[in-house]
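Per-entry structural report
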Amino acid sequence: MKDKDLKSRLKSLRLRRPSSSYVDKVLAQKPETVEAVATRHWYGRRIWIYAPIAAAVLLFSVIGLMHWLPRGPEHMEVVQVPPELAELAQMPVEKLLEIHFGKIETSFDSSVVAATVKVALDKLSAREILDIGNKYSRQPRISARRAAYHPTAVSQVVEASEFVVRGRVEQVILDVSDIKAAILEKELDNHWFEHHGAMVKAEVQLEVFEAYPSLPALDSEKLRLWPVLHTRRLDVFENGKEYLIALQQDGDIIWMLPFIWGRYAEGVYPVDANTGMVSGLRNGTMPLDDAWLFIMDLYDAVHKGVEPAGEVLEYWLAKLQSEDLTDCWTAVEYFNTLQPPPVEPQLVIDAVVHYYDALDKNSRLMMAQAEGEIPLVEKNWKALQRDVWRQSTFFDEATDLLSRVTDELPAGQIQALFEEDLADSKGVLSEQAARELRSKVVRLLHKEHKEVHKPKAITKQEVMSRKEKIQSMIDRYRKGEKSIGAVISVMRKHLRAEDKEFVPFLLCEIVTARWDVPVLIAERIPDPCFVPVLRQALEKEVTGTLLAALFACGEEEEAIEMAVTELDKLLDEENGQMFGEHLYKLLPVIRFLGTTEDESVLPVIENFTREDVIDTLRETDARFGGQYAFIVNKLQQDAVLALARIGGESAIPRLKELYESDDIHIRILAALSLYYLGDDTGYELLSYFVNNTHRSVPEIEARWHVDLAGGYAFQAPIATYLRSPRTDALLLEKLRHGLDSGDTYAFGISSFVEDYKGQILAILVHQLSSRDRTTRKYANEILKRLTGQDFRFEPDRFVGQQDEVIEQWRSYVDNYLNEQ
Amino acid sequence: MVQAEDTIVTSLENLFRKYSLELFISALAVTGCPERAEDAVQEAFYRLFRLEHKPQHLKAYVFRCVRNAALDQLERNRPVEIKDDEFIFDSSERPAETAERNEFRQEVVQAMKTLSDDEREIVISHVYADLSFRKIAKAREMSINTIWSWYRRGMEKLRRQLETKL
């Protein structure tokens, strides 16, 4: 029996009534005189403070109006606006923008147009400004449309949050100042989209009614959130509506979970004030009491490892057996957070069978509709599709739960249960879903012979010496069994400067055939014998890697001179393709100069960090359609890093100037460079990355939504170019706080891994138990990559459910490190 | 900011007219006696009508005052034993009512007796006085989690005892 059934039965009983004189007796106590009493609203103080200011403003406004109001024909002459400006000011905003963006030819001065556009933009709402941004961008990526999406599992949302609140939204303010500036500067085509993506900063004020486990200490009763909203989810909050919201906290900032398109919803569930139902959960709506209880129990299970006992367990078991899909689904989700789930397999089997039949029925209906047998109106068709999605997802999660509770279930019983469904003979599931189901069933069947995964045996290749490995690879290359790329890869890993016997192979076969051979020479085996061949190659084309190899082989001055000459060359301003190619070639040349430790080239490098130089390149690029904007930006970024490498302490003043840049990427790189040189000016900014909160910091999140995830701004420069004990420590500290896809980049750099392998492996094993799903995923991936082992860790399982696998990793890493 | 129209007495009168029954039931849940419940509400409003400032959360404040007055009643008088068939329910005979319904009411009263005072009071306040958990928590100056867990435990006990009757 559900809570709501019991509640409605209890409510059906008639209550005792008070006596007929009750109301009169109470009201008879009213005092005879009535005084006006001040109402103490929360904003009372603010209103009192601002009231005199408002009065003063009003007074001055009236005086102003008196002064400017037309008082006669003479005055009209004084304030008369030039007719062309009046014409501009009266234009509809659409036409004004067409003129501003050069779609319509005009005789107006561009600065006058821009000023008029600014006035017009100030009168528009945030959404209207977003629409303009979308309309005038080359690749529209933003939209204020509401997005349809499949809600993320509530348990995942709860896992990612630190507390959950129920509250009413009092105010939502969208911050579109960045977009407005981009419209005025007409930078929508490149810079703006590259930096702003499809996220908008906002401020949301909430009146909090309740919180679980507790509300952080606040200055007032109001909770201010600083969310970054996806532009397709702007309607996630509406003024005056009530919501359940999963939140995180970073210092004074409280933020929502990020919305990641197609993967993750932000954990905001609207509450209908009239019906008391919560929507946005996974299956339709739920009574508020049930939803709140569900969230609290999930929180206890996921964050505190609370095992249900007595009444709580009975409550969830009753839900699991419910005829209502929502009830059953919440129970499945709840039990899936527990290890081991305290459920009899038969109960899960019953639920699976029950809803497989329901899914079957709906799928047949869908098929009939698709084939035109049963015409459904649009609304019903969508509802049917939604039902099928929900049932399929439930089915998927219920079979997951089944696979976790069937340790004791005989294989025959499972086989019988899925006999028909193994081949999905009813055609209910999509091809992928059917495949997944089959694999789950196979897993169930083999669970009886569950074996502990053992480390892979050592191969013959692994016991070879370094030189034997290289020679073996060369032999196989000559036999046609391996590619030249494989040989280079092995050489970059194992070749040492003293291995001169491989020089003839490199000279004869491949010295200039591939871009990575000069890198191999520079890094592993610099030798003067390569100089003639390198010079020959440099006559054809000057590249950063060839220059680096020439420098490493002893011809330092020659390499630097060639590099500076290359940077001094005038860029072709007539041919777009030539311009782009030349820009692209400059990048490795600048990086190379940074490694030379020759302070005489400092002015050459510094030149490329200057805003006016970069702006000139941007203007030229804009004439060719703005297609090389990325390379122009990269040129400045690489110059900042090169400045740090080459300039030492003398570069600090310029780097501090760069740290004040408006460009967040330049600021990050300047902060990294300063830190590399021993200066902590930018540490506050870097700490966002170290503490793994970059997904939550509004400024960075709004501007760098995609790039941050790739490690391009933070991990890559540290791991490759600005390596020092300080930056190494910074990167290791970042790993201790969490991992993301960008960290895989750092682990591609062998020298960093070699220097800190022991520490890194220990951190990665520790991070398998992280509360953050992304961290677990990348910790597992990097562990697999570094060791070549796979213990079948599943990052999607909740913390505490895979202790056995984590222990296997731990003991493997301990043994590995002992052997090393 | 002074709002001339919205005096505290008017607000209290409006609130009482709207929630007179719920206030009575809340007091009854504590005292177990209808006469004492009425007295408690009357006493509370005597004090409320003489307040100088309007409280921030008026509804919660009023329910807290009524509860306090009901507790005072309990302290001043001997506790009343809950009768088998009434408590907060109307047991006056109605020809249309079936024996089964009467029996169910008695079962509910019996089940209510097994609840702790806190559990019983929260269940009654939420189910019969339609008070949200937030309001109850404010009225009792306790955390919402405590209120929630009392409610849940109370409902669980009722469910177990009434399972066969539903």
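As the structure is a computational prediction, the values presented were derived from the model and not from experiment. (Residues numbered from 1 in each chain as written. Chains lettered and ligands numbered in written order. Predicted model: local features only at pLDDT ≥ 70, side-chain atom pairs only at ≥ 80, totals over all residues. Heavy atoms only, no water.)

This part takes up the packing of aromatic side chains. Counted according to the given criterion, the structure contains 23 aromatic pairs over all chains. Note on F579 of chain A and Y628 of chain A: the rings are 6.3 Å apart at their centroids and 65 degrees apart in plane angle, and the pair reads as edge-to-face. Taken together, the positions of F579 of chain A in helix α27 (residues 576–594) and Y628 of chain A in the loop between α29 (611–623) and α30 (629–647) put the pair 49 residues apart, joining distant regions of the chain. The exposure classification of F579 of chain A matches that of Y628 of chain A, with both residues buried. Taken together through their ring pairs, the aromatic side chains of Y22 of chain A together with F16, F24, F45 and F49 of chain B make up a single cluster. One residue, R726 of chain A, lies across the ring of Y675 of chain A, its end atom 4.0 Å from the ring centre. Note that R50 of chain B overlies the ring of Y46 of chain B, its terminal NZ or CZ placed 4.1 Å from the centroid. (Phe/Tyr/Trp six-rings, centres within 6.5 Å; stacked < 30°, edge-to-face > 60°. Helix = DSSP H or I, 4+ residues; strand = E, 2+ residues; numbered from the N terminus. Buried < 20%, exposed > 50% of the residue type's maximum accessible area, 1.4 Å probe, protein only. Lys NZ or Arg CZ within 6 Å of the ring centre and 35° of its normal.)

Here the focus is unusual backbone geometry. Trans is the common state for peptide bonds, and a negative phi is the common state for residues other than glycine. All names here are of chain A. In the segment running from Y212 into P213, the intervening peptide bond is cis, with an omega of 0 degrees. The omega angle of the peptide bond from Q339 to P340 is -5 degrees, so this bond is cis rather than trans. With respect to the helices, strands and loops of the structure, P340 is situated in the loop between α14 (325–336) and α15 (345–370). At E597, a residue that is not glycine, the phi angle is positive and equals roughly 60 degrees. With a relative accessible area of 67%, E597 lands in the exposed category. At R792, a residue that is not glycine, the phi angle is positive and equals roughly 60 degrees. Locating R792 in the fold gives a position in the loop between α39 (773–787) and α40 (803–819).

The next thing to look at is the nonpolar core. Core analysis: the biggest nonpolar cluster contains 116 residues, and M491, L593, L655 and W809 of chain A have the highest contact counts within it. Once residues lying within four places of it in the same chain are set aside, the contact partners of L593 of chain A are I560, A563, V564, L567, V601, I605 and I646 of chain A. Core analysis: the next-biggest nonpolar cluster, separate from the first, contains 112 residues, L10, C328 and F394 of chain A together with F104 of chain B among them. (Core = buried A, V, L, I, M, F, W, Y, C linked by side-chain atoms within 4.5 Å. Contact = heavy atoms within 4.5 Å.)

Residues and elements named next belong to chain B. Between the first and last C-alpha of helix α3 (residues 58–76) there are 27 Å, a value that for 19 residues agrees with the 27 Å anticipated at 1.5 Å per step. What α3 keeps buried is the set L58, K59, A60, V62, F63, C65, V66, R67, A69, A70 and Q73. Looking at the buried residues of α3, the elements they touch are α1 (8–31), α2 (34–48), α5 (117–127) and α6 (133–140). (Expected span 1.5 Å × (residues − 1).)

Let us now look at the confidence of the model for chain B. Residue and element names in this part refer to chain B. On average, residues of chain B score 78 in pLDDT, and 84% of them are at 70 or above. The spread of mean pLDDT over the elements of chain B runs between α6, the lowest at 77, and α2, the highest at 87. With pLDDT under 50 throughout, residues 1–5 is counted as low confidence; its partners more than four residues away or in other chains account for nine contacts. Of the two predicted TM-score estimates for the complex, the pTM is 0.62 and the ipTM is 0.80. (pLDDT = per-residue confidence, 0-100.)

Residue and element names in this part refer to chain A. One can describe the packing of helix α32 (residues 664–676) onto helix α33 (residues 683–690) by two numbers: an axis separation of 9 Å at closest approach and a directional angle of 100 degrees. One finds that α32 runs roughly perpendicular with respect to α33. From α32, I664, R667, I668, A671, L672 and Y675 reach across to α33, where they touch Y683, L685, L686 and F689. Residues of the contact of α32 with α33, tallied by class, amount to nine nonpolar, no polar and one charged. (Axes fitted to C-alpha atoms, helices over the stretch in contact; angles between N-to-C directions. Parallel < 35°, antiparallel > 145°, perpendicular 65-115°, else oblique. Nonpolar A, V, L, I, M, F, W, Y, C, P; charged D, E, K, R; others polar.)

An α-helical segment advances 3.6 residues per turn. Residues three or four places apart therefore align on the same side. Residues and elements named next belong to chain B. Burial analysis of α6 places six of its eight residues in the buried class, the great majority of the element. Every buried residue of α6 is accounted for by F133, R134, I136, A137, A139 and R140. Just downstream of α6 lies E141, where phi reads positive at about 55 degrees.

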